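Overview (structure and organization)
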Amino acid sequence: MSLQGRSLTDSRRDGKTAIVMHLKYLRQVLMTGLVPVLVVFGCVIGEGSLAGAPVKVIFDSDMDSDCDDAGAMAVLHALADKGEVEILATVTCGRNAWAPLTISALNTYYGRTNIPVGAPKFNAPLRESKYTRLVADKFPHALRQSEDAEDAVELYCRVLDQAEDNSVVILTVGYLSNLSALLKQSAKGNRPSGMELVRRKVRQWACMGGNFLGTPARDDLKLGNTNFVVDKEATYYVIKHWPARVMFVGREIGSVPSGLKAGARLVETPENNPVRFAYELYFGGKAKDRHVADPTTVLYAVRGLGDYWDAHTTGSMDLQPDMTFEWKEGAACNQGYLLKKRVNGKPNDQYIEQTIEGLMIQPPRKSP
Ligand SMILES: [Ca+2]
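Residues numbered from 1 in each chain as written. Predicted model: local features only at pLDDT ≥ 70, side-chain atom pairs only at ≥ 80, totals over all residues.

Quick word on the overall build of the protein chain
Defined as follows: Here a helix means four or more residues in a row that DSSP labels H or I, a strand means two or more in a row labelled E, and each is numbered from the N terminus. Neighbour counting defines burial: a residue surrounded by 20 or more other C-beta atoms within 10 Å of its own C-beta is buried, one with 12 or fewer is exposed, and intermediate counts give partly exposed, using backbone-placed C-beta atoms. Working definition of a contact: two residues with C-beta atoms, positioned from the backbone, lying within 7 Å.
Within the protein chain, the secondary structure is distributed over 13 helices and 16 strands. Taking all 368 residues of the protein chain together, 47% fall into the buried category. Across the protein chain, contacts joining residues at least 24 apart in sequence account for 82% of those joining residues at least 6 apart.

Rendered as structure tokens:
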């Protein structure tokens, strides 16, 4: 049977020829000692910064139930102080009334009062917090009142519309409520739809969420997965429709069962540090170590795999409406998840903990 005028035998022969050519190339590389500069497995491209330029990030957080969101913002600002990241926008994905002011207080502490703060103006999840109200009361914030926060979806659209193509990293450490609304946002005037903006402008989405245990990785939710479960409808829509690259940072990377933690050393920072105060309020006294699910995601979004992690970049997440999933193997596509890295046979957990801890307690470059 012919295939576009060529026989199946011809196609097989061409395939064998291609394999032989690749083997010859590999042999040539090994013999000459030349190492290919570019590794063109699509998912490897796009890690970390491009040619040393700061990574452009939109930070989206449930700044309410857990204190590691505040720790994540500390890491993000510390990396900005090192010139590794430009923070384009900071948004909350929940309706906790003091979350926008807490985010603004953290931006203010690190001397970045000009970063826009967004909040959902729709019926997003509403969760209590042990720290947002008191942080908002005690610390200065450039945002005068929570109501002054921009509509999160409008903020996403504005920032993406102004960005260069394929330049923005979206970093979520909370629910996917904003992203769902963004993907459903219609075109307005000359501005493309939210879906089109993501397709054109987003280089990568770094998503804290899911448990990637076993082979194939599957999540039965027995270890919990707050970021997916709190707004299931949004999560399902976003993961099924996301038109760009996504890297999942699973809970095993910085939370259970990894055991990685940081926060106790915040006691070494000044009392006017709102991150320290958030940890103190969360623990009802002295700041203690807390898991680092969100801070690890920040570290990945800015520095890429580096010498911290490996990644599984073939196949895709087969997510069910109840938020259980199994990873379906297949060709490399736009989805992947981080893998813990072992160095000399040992996990490098301590190295990652120390990196995060150092960034979390790093004093602001500009004094508040
Ligand atoms: Ca979070």
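Looking at the pairing of strand E4 (residues 85–92)
The test is simple: Being paired, for any two strands, means DSSP has found at least two bridges between them. Crossover handedness is defined here as right-handed if the route from the first strand over the helix to the second strand goes clockwise, with the strands pointing away from the viewer.
In terms of burial, E4 is a largely internal element, seven of the eight residues being buried. Where strand E3 (residues 55–61) and E4 come together, seven bridges link them in parallel fashion. Counted as the bridge partner of serine 61 is threonine 92 from E4. In this view, the connection linking E3 to its parallel neighbour E4 by way of helix H2 (residues 68–81) has right-handed handedness.

Focus: the environment of alanine 89
Examined against the element boundaries, alanine 89 turns out to sit in strand E4. Judged by the 22 C-beta atoms lying within 10 Å of it, alanine 89 is buried. Between the C-alpha atom of alanine 89 and that of isoleucine 170, which follows or precedes it by 81 residues, the distance is 9.8 Å. Beyond its immediate stretch of four places on either side in the chain, alanine 89 contacts Ile58, Ile115, Pro116, Gly118, Leu155 and Val159.

Details of the nonpolar core
The criterion, for reference: Note on definitions: a nonpolar core is a set of buried residues drawn from Ala, Val, Leu, Ile, Met, Phe, Trp, Tyr and Cys, linked by C-beta atoms within 7 Å.
Val57, Ile58, Val75, Leu76, Leu171 and Ala278 are the most contacted members of the largest nonpolar core, which has 104 residues in total. Sorting elements by how many residues they give to this core places H2 first, with nine residues. With sequence-adjacent residues up to four places away left out, leucine 76 is seen in contact with Phe59, Val85, Ile87 and Val298.

Details of unusual backbone geometry
Cis geometry marks the peptide bond from threonine 215 to proline 216, where omega comes out at -5°. Topologically, proline 216 is positioned in the loop between strand E8 (202–208) and strand E9 (218–219). Backbone torsion omega between valine 256 and proline 257 reads -5°, so that peptide bond is classified as cis. Despite not being glycine, asparagine 166 has its phi angle at roughly 55°, a positive value. Accessibility expressed as a C-beta count within 10 Å gives 15 for asparagine 166, which makes it partly exposed. With a phi angle near 70°, leucine 221 is a residue other than glycine that sits in the positive phi range. Here leucine 221 shows up in the loop between E9 and helix H8 (226–229). Judged by local crowding, leucine 221 falls into the partly exposed class, with 14 C-beta atoms found within 10 Å.

Side note on helix H3 (residues 99–109)
Helical geometry note: an α-helix holds 3.6 residues per turn, so side chains three or four residues apart project in the same direction. When you tally the buried positions in H3, you get eleven out of eleven residues, the bulk of the element. All of the buried residues in H3 are Ala99, Pro100, Leu101, Thr102, Ile103, Ser104, Ala105, Leu106, Asn107, Thr108 and Tyr109. Packing partners of the buried residues in H3 comprise H2, E4, strand E5 (117–119), helix H4 (132–138) and helix H11 (274–283). Immediately beyond the C-terminal end of H3, within one or two residues, lies glycine 111, with a positive phi of roughly 75°.

Some remarks on the environment of tyrosine 109
As for its placement among the helices and strands, tyrosine 109 is situated in helix H3. Each C-alpha atom of the pair tyrosine 109 and lysine 366 lies 8.6 Å from the other, and the pair is 257 residues apart in sequence.

Quick look at the environment of glutamine 320
Among the structural elements, glutamine 320 can be located in the loop between strand E13 (309–319) and strand E14 (325–340). Spatially, the C-alpha atoms of glutamine 320 and lysine 240 are 10.0 Å apart, while their sequence positions differ by 80 residues.

Thoughts on the pairing of E13
Pairing of E13 with E14 involves nine bridges; the strand directions are antiparallel. Paired with aspartate 318 across the two strands is glutamate 326, which belongs to E14.

Re the packing of H2 against helix H13 (residues 349–360)
Stated precisely, the cut-off is as follows: Each axis is a line fitted through C-alpha atoms, taken for helices only over the stretch in contact, and angles between the N-to-C directions span 0 to 180 degrees. Orientation labels follow simple angle bins: below 35 degrees gives roughly parallel, above 145 gives roughly antiparallel, 65 to 115 gives roughly perpendicular, and whatever is left gives oblique. The residue classification treats Ala, Val, Leu, Ile, Met, Phe, Trp, Tyr, Cys and Pro as nonpolar and Asp, Glu, Lys and Arg as charged. All others, Gly included, are polar.
Close contact between H2 and H13 brings their axes to 8 Å; oriented N to C, the two are set at 80°. Taken together, the axis directions place H2 and H13 in an arrangement best described as roughly perpendicular. Seen from H2, the contacting residues are Gly71, Ala74, Val75, Ala78 and Leu79; seen from H13, they are Ile356, Leu359 and Met360. Here the residues of the contact of H2 with H13 are counted per class, giving seven nonpolar, one polar and no charged.

Here's the deal with the packing of helix H12 (residues 293–303) against H13
Closest axis-to-axis distance for the H12/H13 pair is 10 Å, and the angle between their directions is 90°. Considering their axes alone, H12 and H13 lie roughly perpendicular with respect to each other. Where H12 approaches H13, its residues Pro295, Thr296 and Leu299 are matched on the opposing element by Ile352, Thr355, Ile356 and Met360.

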